[in-house]
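# Fold and geometry: a report
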Amino acid sequence: MILEPPEKEGSAVMRVFIGIGLGIALFSIPQTHAEPLPLGCELTSEEVPSIKVLLTERTYVSLKGVLVQDGKTLGTFQTGQSNGYGSVWWSFEDGTNEKYGTSVLFKDDQHWNPHRRIPRPSETNRVLFVGFAPALWYWENPSTPGSYRENRDLIKSSAGFWSISDRCLGGRIVRG
């Protein structure tokens, strides 16, 4: 038989209050809070320069903006880094579906690796969105099936390199 020490008076009540307070604190943090960036961060398709990702907000976990083709917004695009250190990721959603994948950063033709000192993340000037082209090719939109598949420029750009503007420092923004 294991004997537990008797609880001090009020300790059970105190644990309940702490648990409730912690729960309220966690749920009161706005999960979609985003603040405008001082300068927009622009990623331009090297294949089709009229297709861009315009990142305009910072959320708790990402930079958030839109995917634009010839001035028309196609959907919401986000990019971030897991736990501030792990894989760099991207996500895209257009109101009907959402897909995500891994981003691979480069300085010119040199791959950025978080376990090496060079290039530094702030020096990166190109990115590949791994899985973006197949995600768009197989996009499920019941009202317009195959809409992205038929957009050859979008498929071509999503499979290629994207140039990172000088206002972006490898996912961080130049303060302006």
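Residues numbered from 1 in each chain as written. Predicted model: local features only at pLDDT ≥ 70, side-chain atom pairs only at ≥ 80, totals over all residues. Heavy atoms only, no water.

Turning to the side chain of arginine 126, a few remarks are in order. Along the polypeptide, arginine 126 turns up in strand β8 (residues 126-130). For arginine 126, a relative accessible area of 15% corresponds to the buried category. Reaching out from arginine 126, the side chain makes a polar contact with the side chain of glutamate 46 at a distance of 2.9 Å. Those residues in contact with arginine 126 that lie beyond four places of it in its chain are Glu46, Val104, Leu105, Phe106, Asp108, Asp109, Phe161, Trp162 and Ile164. (Helix = DSSP H or I, 4+ residues; strand = E, 2+ residues; numbered from the N terminus. Buried < 20%, exposed > 50% of the residue type's maximum accessible area, 1.4 Å probe, protein only. Polar contact = N/O pair within 3.5 Å; in protein donor to acceptor, adjacent residues only side chain to side chain. Contact = heavy atoms within 4.5 Å.)

Attention now moves to unusual backbone geometry. Of note, the phi angle at aspartate 70 is positive, near 50 degrees, even though the residue is not glycine. Mapping aspartate 70 onto the fold places it in the loop between β3 (63-69) and β4 (72-81). For aspartate 70, a relative accessible area of 60% translates into the label exposed. Positive phi, normally seen in glycine, also occurs at aspartate 108, with a value near 55 degrees. Tracing the chain through its elements places aspartate 108 in the loop between β6 (98-107) and β7 (110-111).

Moving on, we get to the nonpolar core. Counting 27 residues, the largest nonpolar core has Leu43, Leu67, Phe92, Phe129, Phe132, Leu136 and Trp162 as its most contacted members. Ignoring anything within four residues of it in the chain, the contact list for leucine 43 reads Ile51, Lys52, Val53, Leu55, Phe129, Trp162, Ser163 and Ile164. (Core = buried A, V, L, I, M, F, W, Y, C linked by side-chain atoms within 4.5 Å.)

Aromatic rings in a pair are described by how distant their centres are and how their planes are angled relative to each other. As enumerated under the stated definition, the model contains eleven aromatic pairs in all. For the ring pair phenylalanine 77 and phenylalanine 129, a centre distance of 5.0 Å and an interplane angle of 65 degrees mean the geometry is edge-to-face. Here phenylalanine 77, found in strand β4, pairs with phenylalanine 129, found in strand β8; they are 52 residues apart in sequence, far enough to count as distant. For the pair phenylalanine 77 and phenylalanine 129, a shared accessibility class is recorded, and that class is buried. Each ring, one from phenylalanine 129 and one from phenylalanine 132, has its centre 6.2 Å from the other, and the planes form 85 degrees; the classification is edge-to-face. As far as burial versus exposure is concerned, phenylalanine 129 and phenylalanine 132 are alike and both buried. Against the face of phenylalanine 161 rests arginine 126, its NZ or CZ located 3.7 Å from the ring centre. (Phe/Tyr/Trp six-rings, centres within 6.5 Å; stacked < 30°, edge-to-face > 60°. Lys NZ or Arg CZ within 6 Å of the ring centre and 35° of its normal.)

This part covers the pairing of strand β9 (residues 161-164). Looking along a regular strand, one sees the side chains alternate between the two faces of the sheet. Covered by surrounding structure in β9 are Trp162 and Ile164 only, the residues Phe161 and Ser163 on the alternate face being uncovered. Of the pairings in the sheet, the one linking β8 to β9 comprises three bridges and is antiparallel in character. Paired with arginine 126 across the strands is serine 163, a residue of β9. (Pairing = 2+ DSSP bridges.)

Tracing the chain through its elements places asparagine 97 in the loop between β5 (88-93) and β6. The buried category is assigned to asparagine 97, whose relative accessible area is 16%. Excluding residues within four positions of it along the chain, asparagine 97 makes contact with Phe92, Trp139 and Glu140.

Looking at where leucine 67 falls in the secondary structure, it is placed in strand β3. Taking relative accessible area as the criterion, leucine 67 reaches 0% and is therefore assigned buried. Leucine 67 has contacts with Ile51, Lys52, Val53, Lys72, Thr73, Leu74, Gly75, Phe77, Phe92, Phe132, Leu154 and Trp162, leaving out every residue within four places of it along the chain.

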